[in-house]
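# A closer look at the structure
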Amino acid sequence: TTRPRIFSGMQPTADSLHLGNYLGALTSWVALQDTHDAFYCVVDMHSITVEFEPEVLRRRSRATAAQFLAGGVDPERSTLLLQSHVAAHAELSWVMTCLTGFGEASRMTQFKDKSQRIGADRTGAGIFAYPMLMAADILLYQTDLVPVGEDQRQHLELTRNLAQRFNSRFGQTFVVPEPYIVKQTAKIYDLQQPDKQMSKSLPGPGCLYLLDDPKANAKKIRSAVTDTGREVRFDPAEKPGVSNLLTMLSALSGREVAALEEDYTGKGYGDLKKDLADVFVEFVTPFRERVQALVGDTEGLDAILARGAERARAVAGETLAATYDRVGF
Ligand code: ADP
Ligand code: NA
């Protein structure tokens, strides 16, 4: 295949994806399948860098894969895998760790933020080593392009540095990946705290989990925080709540924000919320059914993941063998 290779992952940190994961990541993953050779990975090994429960992790990893599939990831065209199924991730990550400077890793802002938030005593060394594992994830597949949000830019920069460093010291081995900036990726904010992004790692009260009861989510949408004005206008600085609702409605309905602003001329926030709730429920109802069917068929889901792991192992194994050879193993 001559299609550019793309790698992207998501942590199984919750039972359900939220609307931000779906609109900000999953929809572009699905679109990219037409033009790219995609590897989509449930990065369960990254999830054990913070506290976890084995049975919960096992359930969430499967549920996350099921949601990728329900959202449109096609396991025939793309490679869908659980990170822990492919041992090469751990193996290459050690080589990457030894190639990384201690100071270099200490300067990663996500490490600094997380260790500050969790407290030095409870910070595992896995949080420190996280970017080196991420570099291994990407480099194993000779990835050309990595879709990244702002929060992962620094990690991708480290990945690029490590690839270049390895190549110049040991000989050409890794493709140096480029960031793939997904145009117009919707950033989705919490319905109750529209200055904060929806997040499953740091969930707020207005997070829309796709697998929650649709009626409860519709109610959450109808009670979203707006402002004291009346005009439905896209203005993230002055009207973050309303703008967030418009972003969601635009992404789910396929209508441009400008067209929506016209639709709501002379109408109120209540109309906008009601319409968004309807469109959301319409989208999420069949999505939930697909997820339930996938999760209910344990054997079928495991077979899809086994096929993905097998395909991934073939590619990753080649890269790892070349790497080991170059370093003298
Ligand atoms: P979370 O913060 O929910 O744990 P992750 O860090 O696992 O999410 O991110 C998974 C993917 O979803 C990433 O590509 C990330 O950019 C995207 N994403 C997460 N939250 C949002 C959001 N609120 N709006 C848009 N995209 C998001
Ligand atoms: Na995040």
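Quick look at the structure, then. (Residues numbered from 1 in each chain as written. Chains lettered and ligands numbered in written order. Predicted model: local features only at pLDDT ≥ 70, side-chain atom pairs only at ≥ 80, totals over all residues. Heavy atoms only, no water.)

Moving on to the nonpolar core. In terms of nonpolar packing, the biggest core is built from 54 residues, with Leu19, Leu210, Phe280 and Phe283 touching the most fellow members. The element contributing the most residues to this core is helix H12 (residues 269–296), with 9 residues. In this structure, Leu19 is in contact with Gly24, Ile188, Met198, Leu208, Leu210, Met248, Leu252, Phe280 and Phe283, ignoring residues within four places of it in sequence. In this structure, Phe7, Val43, Leu92 and Leu99 belong to the second largest nonpolar core, which totals 36 residues. (Core = buried A, V, L, I, M, F, W, Y, C linked by side-chain atoms within 4.5 Å. Buried < 20%, exposed > 50% of the residue type's maximum accessible area, 1.4 Å probe, protein only. Helix = DSSP H or I, 4+ residues; strand = E, 2+ residues; numbered from the N terminus. Contact = heavy atoms within 4.5 Å.)

With 30 residues, helix H13 (residues 298–327) ought to run about 44 Å at 1.5 Å a step, and its terminal C-alpha atoms sit 40 Å apart, in line with that. Of all the bends in H13, the greatest measures close to 25° and is centred on Arg313. Just past H13, the residue Gly328 takes up positive phi, approximately 100°. (Expected span 1.5 Å × (residues − 1). Bend = angle between axes of the 7 residues up to and from the residue.)

Within the structure, ligand 1 sits among 15 residues, and His18, Ile188, Met198, Lys200 and Ser201 are positioned closest to it. Between ligand 1 and Gln197 there is a distance of 3.4 Å, counted from a nitrogen atom to a side-chain nitrogen or oxygen. The side chain of Lys200 places a nitrogen or oxygen atom 2.7 Å from an oxygen atom of ligand 1. When atom positions are compared with the pocket grids, ligand 1 is found to occupy the largest pocket. With 4 residues, helix H1 (residues 19–32) is the single largest residue contributor to the shell around ligand 1. Here the residues of the shell around ligand 1 sort into 5 nonpolar, 8 polar and 2 charged. (Near = heavy atom within 4 Å. Polar contact = N/O pair within 3.5 Å; in protein donor to acceptor, adjacent residues only side chain to side chain. 1 Å grid on protein atoms, 1.4 Å probe; cavity = no way out; pocket = protein on both sides within 12 Å on 5 of 7 lines; lining within 4 Å. Sits in = over half its atoms within 2 Å of the grid points. Nonpolar A, V, L, I, M, F, W, Y, C, P; charged D, E, K, R; others polar.)

A few words now on the pairing of strand S2 (residues 37–42). Each regular strand carries side chains that alternate between the two faces of the sheet. Burial within S2 is extensive, with 6 of its 6 residues counted as buried. Across the two faces of S2 the burial is the same, with Asp37, Phe39 and Cys41 and Ala38, Tyr40 and Val42 all buried. In this region the chain leaves strand S1 (residues 5–10), passes through H1 and returns to the parallel neighbour S2; the handedness of that crossover is right-handed. (Right-handed = clockwise from strand over helix to strand, strands pointing away.)

Below, the discussion takes up unusual backbone geometry. With glycine set apart, most residues show a phi of negative sign, and most peptide bonds adopt trans. One non-glycine residue, Gln142, lies in positive phi territory at about 50°. Among the structural elements, Gln142 can be located in the loop between helix H7 (125–139) and strand S4 (145–147).

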